[in-house]
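# Residue-level structure breakdown
Residues per chain, in single letters:
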Amino acid sequence: MSEKTPILTADYIITEHDYIHTSLAQRRFKTSKSDRLIMNILGILAIFIGLYMLIFSGDGIIKIICWILLIAMGLFSVSFYEIIGPSLVRIQARNEYNANKEKIGSRNIAFYEDEVKIVSDRYIGNIPYRYFFQVLDDKKVIIFYLDENDYISIPKRLFTDKDNDALEKIKFLLGKKYVCINQRK
Amino acid sequence: MSEKYNKCIMTIEDNEIPLMMYGNAYMIAHMRRGRLKGKEWKASIFFAIWCGCMLYMALKHYDLISNPVPTGISIICLYMMTYYLFILPNRMKLKGEHIYKSSHMLNKTEKVKITRDGYTIENKCETIIGYWTDILDCIETNSYYLMISEYSKRLIIISKKCLDDEQNEKLAEFLKKTMPAKYRKTKK
(Lines give C-alpha, C1' and ligand atoms only; values in the text may rest on other atoms or scores of the structure.)
Protein backbone atom coordinates (compact mmCIF):
# COMPACT_ATOMS: atom_id res chain seq x y z
CA MET A 1 0.00 0.00 0.00
CA SER A 2 1.51 3.29 -1.05
CA GLU A 3 1.41 6.23 1.36
CA LYS A 4 0.27 9.56 0.01
CA THR A 5 2.87 12.31 0.09
CA PRO A 6 1.63 15.60 1.52
CA ILE A 7 2.17 18.85 -0.36
CA LEU A 8 2.72 20.66 2.92
CA THR A 9 2.55 19.82 6.60
CA ALA A 10 2.31 21.99 9.69
CA ASP A 11 2.70 21.01 13.31
CA TYR A 12 1.85 23.79 15.68
CA ILE A 13 0.09 25.18 18.70
CA ILE A 14 -1.89 28.39 18.62
CA THR A 15 -0.22 31.11 20.67
CA GLU A 16 -1.84 34.24 22.06
CA HIS A 17 -0.32 36.23 19.22
CA ASP A 18 -1.83 33.86 16.61
CA TYR A 19 -5.21 33.96 18.31
CA ILE A 20 -5.26 37.77 18.31
CA HIS A 21 -4.25 37.90 14.65
CA THR A 22 -6.97 35.39 13.75
CA SER A 23 -9.58 37.59 15.46
CA LEU A 24 -8.21 40.70 13.74
CA ALA A 25 -8.27 38.99 10.35
CA GLN A 26 -11.87 37.90 10.85
CA ARG A 27 -12.81 41.45 11.79
CA ARG A 28 -10.97 42.89 8.79
CA PHE A 29 -12.83 40.50 6.52
CA LYS A 30 -16.22 41.44 7.96
CA THR A 31 -15.75 45.18 7.43
CA SER A 32 -15.88 46.29 3.85
CA LYS A 33 -13.89 49.14 2.37
CA SER A 34 -17.07 51.09 1.65
CA ASP A 35 -18.07 50.93 5.36
CA ARG A 36 -14.69 52.36 6.32
CA LEU A 37 -14.93 55.07 3.69
CA ILE A 38 -18.41 56.15 4.82
CA MET A 39 -17.36 56.22 8.49
CA ASN A 40 -14.24 58.25 7.65
CA ILE A 41 -16.13 60.76 5.47
CA LEU A 42 -18.83 61.22 8.13
CA GLY A 43 -16.16 61.59 10.81
CA ILE A 44 -14.17 64.20 8.89
CA LEU A 45 -17.38 66.11 8.11
CA ALA A 46 -18.35 66.08 11.80
CA ILE A 47 -14.90 67.33 12.81
CA PHE A 48 -14.95 70.17 10.26
CA ILE A 49 -18.51 71.24 11.08
CA GLY A 50 -17.75 71.05 14.80
CA LEU A 51 -14.55 73.12 14.43
CA TYR A 52 -16.22 75.67 12.16
CA MET A 53 -19.16 76.15 14.52
CA LEU A 54 -16.88 76.24 17.55
CA ILE A 55 -14.81 79.04 16.04
CA PHE A 56 -17.58 81.10 14.42
CA SER A 57 -20.66 80.48 16.58
CA GLY A 58 -19.36 79.04 19.82
CA ASP A 59 -21.09 81.46 22.17
CA GLY A 60 -22.76 79.96 25.21
CA ILE A 61 -21.47 77.06 27.24
CA ILE A 62 -24.13 74.54 26.04
CA LYS A 63 -23.40 75.31 22.39
CA ILE A 64 -19.67 74.92 23.01
CA ILE A 65 -20.25 71.54 24.70
CA CYS A 66 -22.45 70.43 21.76
CA TRP A 67 -19.77 71.31 19.17
CA ILE A 68 -17.03 69.67 21.22
CA LEU A 69 -19.22 66.55 21.40
CA LEU A 70 -19.68 66.67 17.63
CA ILE A 71 -15.88 66.87 17.17
CA ALA A 72 -15.41 63.97 19.61
CA MET A 73 -17.96 61.91 17.64
CA GLY A 74 -16.10 62.72 14.45
CA LEU A 75 -12.80 61.62 15.97
CA PHE A 76 -14.44 58.43 17.22
CA SER A 77 -15.88 57.75 13.77
CA VAL A 78 -12.53 58.36 12.01
CA SER A 79 -10.53 56.22 14.44
CA PHE A 80 -13.13 53.45 14.87
CA TYR A 81 -11.93 51.08 12.15
CA GLU A 82 -8.24 51.79 12.51
CA ILE A 83 -7.63 52.25 16.26
CA ILE A 84 -10.65 51.68 18.54
CA GLY A 85 -12.11 48.58 16.82
CA PRO A 86 -8.82 46.63 16.52
CA SER A 87 -7.90 47.52 20.11
CA LEU A 88 -11.22 46.18 21.38
CA VAL A 89 -10.81 43.01 19.31
CA ARG A 90 -7.27 42.59 20.69
CA ILE A 91 -8.47 42.91 24.29
CA GLN A 92 -11.37 40.52 23.73
CA ALA A 93 -9.17 37.97 21.94
CA ARG A 94 -6.53 38.15 24.70
CA ASN A 95 -9.19 37.55 27.36
CA GLU A 96 -10.71 34.67 25.37
CA TYR A 97 -7.30 33.09 24.86
CA ASN A 98 -6.35 33.37 28.53
CA ALA A 99 -9.68 31.89 29.57
CA ASN A 100 -9.32 28.93 27.22
CA LYS A 101 -5.59 28.38 26.87
CA GLU A 102 -5.63 25.07 28.77
CA LYS A 103 -7.93 23.67 26.13
CA ILE A 104 -5.79 24.68 23.15
CA GLY A 105 -3.74 21.68 22.13
CA SER A 106 -1.23 21.01 19.41
CA ARG A 107 -2.45 20.35 15.92
CA ASN A 108 -1.05 18.63 12.88
CA ILE A 109 -2.23 19.59 9.41
CA ALA A 110 -1.19 17.86 6.24
CA PHE A 111 -2.26 19.11 2.83
CA TYR A 112 -2.63 16.45 0.15
CA GLU A 113 -3.66 16.70 -3.49
CA ASP A 114 -7.28 15.86 -2.73
CA GLU A 115 -7.83 16.61 0.96
CA VAL A 116 -6.57 18.18 4.14
CA LYS A 117 -5.82 15.95 7.09
CA ILE A 118 -6.25 17.61 10.46
CA VAL A 119 -5.25 15.83 13.64
CA SER A 120 -5.52 17.18 17.17
CA ASP A 121 -6.15 15.50 20.50
CA ARG A 122 -9.92 15.76 20.03
CA TYR A 123 -10.38 16.01 16.29
CA ILE A 124 -9.38 13.93 13.32
CA GLY A 125 -10.54 15.06 9.92
CA ASN A 126 -9.90 14.19 6.30
CA ILE A 127 -11.56 17.07 4.59
CA PRO A 128 -11.71 17.41 0.80
CA TYR A 129 -10.92 20.89 -0.47
CA ARG A 130 -14.44 21.34 -1.83
CA TYR A 131 -15.88 20.89 1.69
CA PHE A 132 -14.32 24.07 3.02
CA PHE A 133 -16.72 26.96 3.23
CA GLN A 134 -14.05 29.60 2.74
CA VAL A 135 -10.36 30.20 3.28
CA LEU A 136 -9.13 33.63 4.35
CA ASP A 137 -5.54 34.62 3.75
CA ASP A 138 -4.31 37.43 5.96
CA LYS A 139 -0.82 38.81 6.64
CA LYS A 140 -0.16 36.56 9.64
CA VAL A 141 -2.69 33.71 9.48
CA ILE A 142 -4.64 31.56 7.07
CA ILE A 143 -8.14 30.72 8.30
CA PHE A 144 -9.86 27.60 7.00
CA TYR A 145 -13.60 27.80 7.57
CA LEU A 146 -15.41 24.47 7.84
CA ASP A 147 -18.68 26.38 8.01
CA GLU A 148 -19.63 29.96 8.78
CA ASN A 149 -18.96 29.45 12.47
CA ASP A 150 -16.26 26.83 12.82
CA TYR A 151 -12.71 27.40 11.63
CA ILE A 152 -9.12 26.29 11.88
CA SER A 153 -6.40 28.90 11.69
CA ILE A 154 -2.82 28.28 10.65
CA PRO A 155 -0.17 30.86 11.53
CA LYS A 156 2.00 31.90 8.60
CA ARG A 157 5.07 31.96 10.84
CA LEU A 158 5.29 28.20 10.23
CA PHE A 159 6.02 28.63 6.56
CA THR A 160 9.28 29.65 4.99
CA ASP A 161 10.04 30.84 1.46
CA LYS A 162 10.55 27.21 0.45
CA ASP A 163 6.84 26.59 1.12
CA ASN A 164 5.64 29.29 -1.29
CA ASP A 165 5.16 26.85 -4.17
CA ALA A 166 3.18 24.49 -1.96
CA LEU A 167 1.02 27.35 -0.72
CA GLU A 168 0.38 28.44 -4.30
CA LYS A 169 -0.70 24.90 -5.13
CA ILE A 170 -3.08 24.81 -2.15
CA LYS A 171 -4.45 28.16 -3.29
CA PHE A 172 -5.04 26.68 -6.75
CA LEU A 173 -6.74 23.58 -5.28
CA LEU A 174 -9.10 25.73 -3.22
CA GLY A 175 -10.00 27.88 -6.23
CA LYS A 176 -12.56 30.60 -5.56
CA LYS A 177 -12.86 29.66 -1.91
CA TYR A 178 -9.42 31.15 -1.24
CA VAL A 179 -9.79 34.85 -0.45
CA CYS A 180 -6.90 37.22 0.19
CA ILE A 181 -8.21 39.79 2.66
CA ASN A 182 -5.93 42.56 1.42
CA GLN A 183 -6.80 42.03 -2.22
CA ARG A 184 -10.58 41.95 -1.93
CA LYS A 185 -12.69 44.90 -3.08
CA MET B 1 -7.78 0.76 33.38
CA SER B 2 -8.55 3.11 30.49
CA GLU B 3 -10.69 0.41 28.89
CA LYS B 4 -13.10 0.77 31.75
CA TYR B 5 -13.52 4.46 30.97
CA ASN B 6 -13.61 4.07 27.22
CA LYS B 7 -15.97 1.11 27.23
CA CYS B 8 -18.79 1.85 24.84
CA ILE B 9 -22.08 2.19 26.69
CA MET B 10 -24.12 2.86 23.60
CA THR B 11 -23.61 3.25 19.88
CA ILE B 12 -26.03 5.36 17.92
CA GLU B 13 -25.97 4.64 14.22
CA ASP B 14 -27.32 6.90 11.48
CA ASN B 15 -27.68 10.05 13.53
CA GLU B 16 -28.98 12.51 10.99
CA ILE B 17 -29.62 16.17 11.72
CA PRO B 18 -32.04 17.95 9.40
CA LEU B 19 -31.86 21.67 8.65
CA MET B 20 -34.84 22.70 10.81
CA MET B 21 -33.56 20.70 13.75
CA TYR B 22 -30.16 22.38 13.62
CA GLY B 23 -31.78 25.84 13.37
CA ASN B 24 -33.96 25.09 16.36
CA ALA B 25 -31.03 23.67 18.34
CA TYR B 26 -28.94 26.74 17.53
CA MET B 27 -31.71 28.95 18.87
CA ILE B 28 -32.02 26.87 22.07
CA ALA B 29 -28.23 26.94 22.53
CA HIS B 30 -28.32 30.74 22.34
CA MET B 31 -31.18 30.81 24.83
CA ARG B 32 -28.93 29.01 27.30
CA ARG B 33 -25.63 30.72 26.46
CA GLY B 34 -25.78 33.72 24.21
CA ARG B 35 -27.75 36.68 23.09
CA LEU B 36 -31.09 35.05 23.86
CA LYS B 37 -30.19 34.27 27.45
CA GLY B 38 -32.82 35.72 29.77
CA LYS B 39 -34.93 37.00 26.90
CA GLU B 40 -38.10 36.70 28.99
CA TRP B 41 -36.55 38.86 31.70
CA LYS B 42 -35.40 41.46 29.22
CA ALA B 43 -38.86 41.50 27.60
CA SER B 44 -40.55 41.75 30.99
CA ILE B 45 -38.49 44.86 31.86
CA PHE B 46 -39.76 46.53 28.69
CA PHE B 47 -43.26 45.28 29.51
CA ALA B 48 -43.04 46.92 32.94
CA ILE B 49 -41.89 50.23 31.37
CA TRP B 50 -44.69 49.94 28.81
CA CYS B 51 -47.22 49.38 31.63
CA GLY B 52 -45.85 52.46 33.40
CA CYS B 53 -46.25 54.55 30.25
CA MET B 54 -49.79 53.24 29.73
CA LEU B 55 -50.70 54.06 33.32
CA TYR B 56 -49.29 57.56 32.93
CA MET B 57 -51.23 58.06 29.71
CA ALA B 58 -54.41 56.68 31.28
CA LEU B 59 -54.10 59.32 34.00
CA LYS B 60 -53.74 61.91 31.23
CA HIS B 61 -56.86 60.52 29.46
CA TYR B 62 -54.85 58.97 26.61
CA ASP B 63 -53.94 62.30 25.13
CA LEU B 64 -51.27 60.99 22.78
CA ILE B 65 -50.52 64.25 21.00
CA SER B 66 -49.75 66.27 24.12
CA ASN B 67 -47.73 63.36 25.61
CA PRO B 68 -45.25 62.46 22.86
CA VAL B 69 -42.51 61.23 25.21
CA PRO B 70 -44.49 58.42 26.94
CA THR B 71 -46.09 57.55 23.59
CA GLY B 72 -42.65 57.23 22.01
CA ILE B 73 -41.28 55.21 24.95
CA SER B 74 -44.26 52.84 24.89
CA ILE B 75 -43.83 52.26 21.14
CA ILE B 76 -40.10 51.54 21.64
CA CYS B 77 -40.94 49.20 24.55
CA LEU B 78 -43.49 47.33 22.42
CA TYR B 79 -40.88 46.92 19.69
CA MET B 80 -38.24 45.71 22.16
CA MET B 81 -40.69 43.17 23.63
CA THR B 82 -41.44 41.82 20.16
CA TYR B 83 -37.72 41.89 19.37
CA TYR B 84 -36.73 39.75 22.35
CA LEU B 85 -39.69 37.38 22.21
CA PHE B 86 -40.12 36.86 18.46
CA ILE B 87 -37.67 38.67 16.17
CA LEU B 88 -34.36 37.67 17.82
CA PRO B 89 -35.25 33.96 18.36
CA ASN B 90 -36.36 33.76 14.74
CA ARG B 91 -33.18 35.48 13.61
CA MET B 92 -31.09 33.00 15.61
CA LYS B 93 -32.98 30.09 14.09
CA LEU B 94 -32.30 31.47 10.61
CA LYS B 95 -28.63 31.98 11.49
CA GLY B 96 -28.41 28.36 12.62
CA GLU B 97 -29.97 27.25 9.35
CA HIS B 98 -27.54 29.46 7.49
CA ILE B 99 -24.59 27.82 9.28
CA TYR B 100 -26.03 24.39 8.49
CA LYS B 101 -26.31 25.28 4.80
CA SER B 102 -22.74 26.57 4.75
CA SER B 103 -21.37 23.29 6.09
CA HIS B 104 -20.68 20.06 4.28
CA MET B 105 -20.24 18.20 7.56
CA LEU B 106 -23.39 18.93 9.50
CA ASN B 107 -25.68 17.20 7.03
CA LYS B 108 -23.67 13.98 7.08
CA THR B 109 -24.97 10.88 8.79
CA GLU B 110 -23.06 10.35 12.01
CA LYS B 111 -22.23 7.49 14.28
CA VAL B 112 -22.18 8.49 17.94
CA LYS B 113 -20.40 6.39 20.52
CA ILE B 114 -21.23 7.06 24.15
CA THR B 115 -18.69 6.04 26.76
CA ARG B 116 -18.49 6.59 30.51
CA ASP B 117 -16.22 9.59 30.13
CA GLY B 118 -17.25 11.08 26.86
CA TYR B 119 -18.49 10.69 23.33
CA THR B 120 -17.10 10.14 19.85
CA ILE B 121 -18.86 11.43 16.79
CA GLU B 122 -17.80 9.92 13.51
CA ASN B 123 -18.90 10.80 10.01
CA LYS B 124 -17.45 10.18 6.58
CA CYS B 125 -14.80 12.87 7.00
CA GLU B 126 -14.34 13.55 10.68
CA THR B 127 -14.00 12.07 14.14
CA ILE B 128 -14.80 14.38 17.03
CA ILE B 129 -13.85 13.30 20.52
CA GLY B 130 -15.29 15.00 23.57
CA TYR B 131 -15.70 14.52 27.29
CA TRP B 132 -18.72 15.07 29.49
CA THR B 133 -16.68 17.52 31.56
CA ASP B 134 -16.54 19.81 28.50
CA ILE B 135 -20.31 19.99 28.29
CA LEU B 136 -21.78 23.24 29.52
CA ASP B 137 -25.42 22.34 28.98
CA CYS B 138 -27.33 19.23 28.03
CA ILE B 139 -30.87 19.81 26.86
CA GLU B 140 -33.44 17.18 25.98
CA THR B 141 -36.22 18.31 23.69
CA ASN B 142 -39.07 16.34 22.17
CA SER B 143 -37.07 15.41 19.12
CA TYR B 144 -33.37 15.53 20.06
CA TYR B 145 -30.69 15.82 22.70
CA LEU B 146 -28.55 18.93 22.47
CA MET B 147 -25.20 19.36 24.12
CA ILE B 148 -23.23 22.59 24.17
CA SER B 149 -19.52 22.00 24.46
CA GLU B 150 -17.05 24.42 25.95
CA TYR B 151 -14.37 23.08 23.68
CA SER B 152 -15.99 23.15 20.26
CA LYS B 153 -18.21 25.63 18.48
CA ARG B 154 -20.19 22.82 16.94
CA LEU B 155 -23.39 21.76 18.61
CA ILE B 156 -23.68 18.11 19.54
CA ILE B 157 -27.11 16.90 18.53
CA ILE B 158 -28.46 13.37 18.87
CA SER B 159 -31.73 12.93 17.06
CA LYS B 160 -34.36 10.82 18.85
CA LYS B 161 -35.49 9.47 15.48
CA CYS B 162 -32.47 7.17 15.36
CA LEU B 163 -33.11 5.80 18.83
CA ASP B 164 -35.64 3.17 19.83
CA ASP B 165 -37.61 3.60 23.05
CA GLU B 166 -35.21 1.52 25.11
CA GLN B 167 -32.13 3.39 23.82
CA ASN B 168 -33.86 6.72 24.33
CA GLU B 169 -34.68 5.88 27.93
CA LYS B 170 -31.17 4.56 28.56
CA LEU B 171 -29.52 7.66 27.06
CA ALA B 172 -31.76 10.09 28.95
CA GLU B 173 -31.04 8.21 32.17
CA PHE B 174 -27.30 8.16 31.47
CA LEU B 175 -27.10 11.88 30.66
CA LYS B 176 -29.18 12.76 33.72
CA LYS B 177 -26.88 10.69 35.89
CA THR B 178 -23.64 11.94 34.31
CA MET B 179 -24.50 15.64 34.23
CA PRO B 180 -27.15 16.19 36.88
CA ALA B 181 -26.54 19.93 37.17
CA LYS B 182 -26.36 20.53 33.44
CA TYR B 183 -29.27 18.40 32.29
CA ARG B 184 -32.51 20.15 31.34
CA LYS B 185 -35.66 18.98 29.65
CA THR B 186 -37.57 21.38 27.47
CA LYS B 187 -40.74 20.99 25.41
CA LYS B 188 -39.49 23.24 22.58
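A few words now on the pairing of strand 6 (residues 144-149) of chain B. Residue and element names in this part refer to chain B. Buried residues dominate strand 6, accounting for six of its six residues. The alternating pattern of strand 6 places Tyr144, Leu146 and Ile148 on one face and Tyr145, Met147 and Ser149 on the opposite face, and all of these are buried. For strand 5 (residues 135-140) and strand 6, the ladder comprises five bridges, and the chain directions are antiparallel. Note on strand 6: the bridge partner recorded for Cys138 is Met147. What sits between the antiparallel neighbours strand 5 and strand 6 is a turn of three residues.

Bringing the interface of chain B and chain A into the picture now. Contact residues are listed per partner, giving 21 residues for chain B and 19 residues for chain A. Both faces combined, the contact of chain B with chain A buries some 1,900 Å², and carbon together with sulfur accounts for 50% of it. Joining chain B to chain A, the criterion identifies three salt bridges. Asp134(B) is the salt-bridge partner of Arg122(A), the closest N and O atoms lying 2.2 Å from each other.

Look at Asp14(B): it is not a glycine, yet its phi comes out positive at around 50°. Along the chain, Asp14(B) turns up in strand 1 (residues 8-15).

Let us look at the domain arrangement of chain A. Accessible area lost upon the coming together of the parts is a frequently used measure of interface size. Residue and element names in this part refer to chain A. For chain A, the domain assignment lists domain 1 (8-14 + 104-183) and domain 2 (21-101). Between the C-alpha centres of domain 1 and domain 2 there is a distance of 33 Å. Facing the 14 residues of domain 1 at the interface are 10 residues of domain 2. The contact between domain 1 and domain 2 buries some 1,100 Å² in all, and 60% of this surface belongs to carbon and sulfur atoms. Applying the counting rule to domain 1 against domain 2 returns one salt bridge. Here Arg28 makes a salt bridge to Asp138, at a shortest N to O gap of 2.7 Å. Between the two partners, domain 1 and domain 2, sit five residue pairs in polar contact (both at pLDDT 80 or more). The set of elements that each furnish at least two residues to the side of domain 1 that touches domain 2 consists of strand 5 (134-137), strand 6 (141-145) and strand 7 (151-155). Classifying every residue of the side of domain 1 that touches domain 2 gives nine nonpolar, three polar and two charged.

Before going further, it helps to spend a moment on a positive patch on the surface. Residues Lys30(A), Arg35(B), Arg91(B), Lys95(B) and Lys153(B) make up a contiguous surface patch of positive charge. The exposure class of Lys153(B) is partly exposed, given its relative accessible area of 45%.

Time to look at the nonpolar core. Among the nonpolar cores identified, the biggest contains 55 residues, and Phe111(A), Ile114(B), Trp132(B), Met147(B), Ile158(B), Leu171(B) and Leu175(B) are the most heavily contacted of them. Look past the residues within four positions of Trp132(B) in its chain and what remains in contact with it is Ile114(B), Thr115(B), Arg116(B), Asp117(B), Gly118(B), Tyr119(B), Met147(B), Phe174(B), Leu175(B), Thr178(B), Met179(B) and Lys182(B). Tyr26(B), Met27(B), Ala43(B) and Ile99(B) belong to the second largest nonpolar core, which has 26 residues in total.

Moving on to the pattern of salt bridges. Applying the stated rule across the entire model yields 18 salt bridges over all chains. For Lys103(A), the salt bridge is made with Glu150(B), and the minimal N-O distance between the two is 2.8 Å. With one member in each of two chains, Lys103(A) in the loop between helix 3 (61-100) and strand 2 (106-111) and Glu150(B) in the loop between strand 6 and strand 7 (156-159) form a pair that bridges those chains. Of the residues examined, Glu150(B) reaches a relative accessible area of 38% and is grouped as partly exposed. Three or more residues joined by partner-sharing salt bridges are found here, namely Lys4(A), Asp114(A) and Glu115(A).

What follows deals with the sheet that holds strand 5 of chain A. All names here are of chain A. Strands sit in the order 7-6-5-8 across an open sheet of four strands; the sheet is mixed. Two strands in the sheet have a free side with no partner beyond their single neighbour: strand 7 and strand 8 (178-180). Strand-to-strand twist across the sheet, computed as the mean angle between neighbouring axes with direction ignored, equals 20°. As defined by bridge partners, strand 5 adjoins strand 8 across three bridges and the pair is classed as parallel. Within strand 8, the position partnered with Val135 by the bridge is Tyr178. Sitting on the sheet, helix 1 (residues 16-30) is in contact with strand 5, strand 6, strand 7 and strand 8, with an inclination near 65° to strand 6.

What follows covers the side chain of Ser77(A). Residue placement: Ser77(A) occurs in helix 3. With residues up to four places along the chain from it excluded, the contact list for Ser77(A) reads Met39(A), Asn40(A), Leu42(A) and Gly43(A).

So, on to the domain arrangement of chain B. Taken domain by domain, chain B consists of domain 1 (2-17 + 107-185) and domain 2 (39-102). The C-alpha centroid of domain 2 of chain B is placed 38 Å from the C-alpha centroid of domain 1 of chain B.

What counts, and where the lines are drawn
- Residues numbered from 1 in each chain as written.
- Chains lettered and ligands numbered in written order.
- Predicted model: local features only at pLDDT ≥ 70, side-chain atom pairs only at ≥ 80, totals over all residues.
- Heavy atoms only, no water.
- Buried < 20%, exposed > 50% of the residue type's maximum accessible area, 1.4 Å probe, protein only.
- Helix = DSSP H or I, 4+ residues; strand = E, 2+ residues; numbered from the N terminus.
- Pairing = 2+ DSSP bridges.
- Contact = heavy atoms within 4.5 Å.
- Buried area = accessible area lost by both parts, 1.4 Å probe.
- Salt bridge = Lys/Arg side-chain N within 4 Å of Asp/Glu carboxyl O.
- Domains from an automatic or database assignment.
- Polar contact = N/O pair within 3.5 Å; in protein donor to acceptor, adjacent residues only side chain to side chain.
- Nonpolar A, V, L, I, M, F, W, Y, C, P; charged D, E, K, R; others polar.
- Patch = residues over 30% accessible without salt bridge, like charges linked within 9 Å, V, L, I, M, F, W, Y side chains within 5 Å.
- Areas by Shrake-Rupley, 256 points an atom, 1.4 Å probe, with all protein chains shown as cover.
- Lys, Arg positive; Asp, Glu negative; His and termini not counted.
- Charge placed at Lys NZ, Arg CZ, Asp CG, Glu CD.
- Core = buried A, V, L, I, M, F, W, Y, C linked by side-chain atoms within 4.5 Å.
- Axes fitted to C-alpha atoms, helices over the stretch in contact; angles between N-to-C directions.

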